[in-house]
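Chains, contacts and geometry: an overview
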Amino acid sequence: MSYGLLVVGVFVIFAFMAMYFMYLPRCNEYSNSLQFKANMLAFPYIYFLYVLGSIGAYFLLANNDFVEDLTLKRVFLPLLLSAVIYGASLFFYTFSLSLVVTACVALTVWIQPIGIGNVFPDISLWVLRLLLIVFFSVYCLGVKIMNLLPHTFIIPQSIVAVGLIVIGIIGAAPLYTAVCAAVLLGAMSAYMIINYYSVKIDLDDGACISITYLISSLLLMNVGEFNFISCIIFTLVFWAELIVAVFNKFIGERRQSLAENTNYYLAAEKYSVAVLSAGMIKIGLIVCLLGWFQLFSVNMYSLIIVSTILTIWLNGSIGKPFRGLRSLKEINKEFVSDMKKNIEDTKNIFNKEDKD
């Protein structure tokens, strides 16, 4: 565990420092000239660091902690496909880009071995692969609704990275995926700090899709590693916002775009960056705790359902007028109080049955 913590720490610091010192001059240059150049795009820097980190980790680590062997194509193909996705985002419109992303996700799913570590043994492999393609295609393409500010995109994706890092450090996932997640965490954190109080250069949608694809490729590496339900739970901040956005667009508020129907859109209009970020981090850490707890659960489905409902509720607390982040602490206390009450009620029921 200490070895994993050391390795992950080194990669996080390396990625953070490298991204910060490479990208800060570009942002300052743009702030001074207000003339945008191709070398000011953020994703090429993040991608470059990710390539170095993932290849370096492959050759530096033993990689003997995989249930299903890590092969070269599982390492290198996602690197190629993420570049393809980003290149397509620069030239293609929505429909064509959707086809490219779906094809890349399908290839990534296809190369993953799903053996004894499969947590869905009752589902046919063909059906499971199809479900994974749909799930991660929607995840990659739908993540644009989170790109309101760099914070509303980066914090949820960083939470996924933190979730992977922790389960990698404790040995519940391969250390390789934790190290790759650490590189993304470091690079994304540096970008957000540079653009924290004043957004100098926005993340384009293509960058968001490509980063999410890289995260998806790491999650898919765990599809045969016994921990995949936890990986799904780590992404619930996005899925909760997507569910709310679809509901509001077609039934509720009915604003023009899906992004405008999210709770984070409402929160971004009302609260400062510091308050918004603090609330998102709190919610993300709760999601991470639920994902880590899933590692010790024998039930594959109940916790993810409860986690989804809870995440929708917590995200909703951010967007509520005059409550939102101001009362998030109170809402957390209320939730804990409800949990304690439910536990007490359950104990009373069992005690009553024992007496009978």
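For the structure itself, look to the data block above.
Values in this document were obtained by computation on a predicted structure and should not be read as measured data.

What counts and what doesn't
Residues numbered from 1 in each chain as written. Predicted model: local features only at pLDDT ≥ 70, side-chain atom pairs only at ≥ 80, totals over all residues. Heavy atoms only, no water. Helix = DSSP H or I, 4+ residues; strand = E, 2+ residues; numbered from the N terminus. Contact = heavy atoms within 4.5 Å. Areas by Shrake-Rupley, 256 points an atom, 1.4 Å probe, with all protein chains shown as cover. Core = buried A, V, L, I, M, F, W, Y, C linked by side-chain atoms within 4.5 Å. Buried < 20%, exposed > 50% of the residue type's maximum accessible area, 1.4 Å probe, protein only. 1 Å grid on protein atoms, 1.4 Å probe; cavity = no way out; pocket = protein on both sides within 12 Å on 5 of 7 lines; lining within 4 Å. Points joined across faces, edges and corners; volume = space filled by probe spheres on them. Expected span 1.5 Å × (residues − 1). Axes fitted to C-alpha atoms, helices over the stretch in contact; angles between N-to-C directions. Parallel < 35°, antiparallel > 145°, perpendicular 65-115°, else oblique. Left-handed = near helix turned anticlockwise from the far one by under 90°. Nonpolar A, V, L, I, M, F, W, Y, C, P; charged D, E, K, R; others polar. Salt bridge = Lys/Arg side-chain N within 4 Å of Asp/Glu carboxyl O. Phe/Tyr/Trp six-rings, centres within 6.5 Å; stacked < 30°, edge-to-face > 60°. Lys NZ or Arg CZ within 6 Å of the ring centre and 35° of its normal.

1. Observations concerning the overall build of the protein
Looking only at helices and strands, one finds 14 helices and zero strands in the protein. In the protein, once contacts between residues fewer than 6 apart in sequence are set aside, the share between residues at least 24 apart is 76%. When the accessible surface of the protein is totalled, it reaches about 16,700 Å², and 68% of it is carbon and sulfur.

2. A look at the nonpolar core
Residues M19, Y23, L132, Y176 and F228 are the most contacted members of the largest nonpolar core, which totals 117 residues. Ranked by the residues each element gives to this core, the list is headed by helix 7 (residues 175-194), at 16 residues.

3. Observations regarding the layout of surface pockets
As a volume, the second largest pocket reaches approximately 160 Å³. In terms of lining, the second largest pocket is formed by F120, I123, L128, L131, L132, F135, F228, I232 and Y301. At the level of secondary structure, the elements contributing two or more residues to the lining of the second largest pocket comprise helix 5 (125-142) and helix 9 (228-234). When residues in the lining of the second largest pocket are grouped by element, the largest group, four residues, is from helix 5.

4. As for helix 7
The terminal C-alpha atoms of helix 7, which comprises 20 residues, lie 29 Å apart, in line with the 28 Å expected from a rise of 1.5 Å per residue. Within helix 7, 18 of the 20 residues are buried, which leaves it mostly tucked inside the rest of the structure.

5. Remarks on the packing of helix 2 (residues 43-60) against helix 8 (residues 205-220)
Pairs of packed helices are described in terms of their axes, by the angle between the two and the distance that separates them. Interhelical geometry of helix 2 versus helix 8 gives an angle of 20° and a closest axis separation of 10 Å. Between helix 2 and helix 8, the interaxial angle falls into the category roughly parallel. The two elements helix 2 and helix 8 meet at a crossing, and its hand is left-handed. Along the contact surface, helix 2 presents F43, I46 and Y50, while helix 8 presents A207, S210, I211, L214, S217 and L218. Here the residues of the contact of helix 2 with helix 8 are counted per class, giving seven nonpolar, two polar and no charged.

6. Looking at the pattern of salt bridges
Scanning the entire structure with this criterion turns up two salt bridges. Between R26 and E29 there is a salt bridge whose closest N-O contact spans 3.5 Å. Placement of the pair is R26 and E29 together in helix 1 (residues 2-33), with a separation of three residues, close to one helical turn. On the accessibility criterion, R26 (21% relative accessible area) is partly exposed. Under the relative-accessibility criterion, E29 is labelled partly exposed at 24%. In this structure, E29 engages K37 in a salt bridge whose closest nitrogen and oxygen atoms are separated by 3.0 Å. In the salt-bridge network here, residues are joined through shared partners; they are R26, E29 and K37.

7. Digging into the packing of aromatic side chains
Overall, the coordinates contain 18 aromatic pairs when judged by the stated rule. Look at Y23 and Y191: their rings are 5.8 Å apart centre to centre, the planes differ by 40°, and that puts the pair in the tilted class. A residue pair is termed long-range when its members are at least 10 positions apart, and Y23 in helix 1 and Y191 in helix 7 qualify at 168 residues. In this structure Y23 comes out as buried when scored by relative accessible area, which is 0%. Of the residues examined, Y191 reaches a relative accessible area of 0% and is grouped as buried. Considering the side-chain rings of Y58 and F59, the 5.1 Å spacing of their centres and the 85° angle between planes classify their relative orientation as edge-to-face. Look at Y58 and you get buried, because its relative accessible area is 18%. What links up through ring pairs into an aromatic cluster is the set F135, F136, Y139, F228, F238 and W239. Positioned over the ring face of W110 is R129, at 5.6 Å from the centre of the ring. For K249, the ring lying beneath its charged end belongs to F250, and the centroid distance is 5.9 Å.

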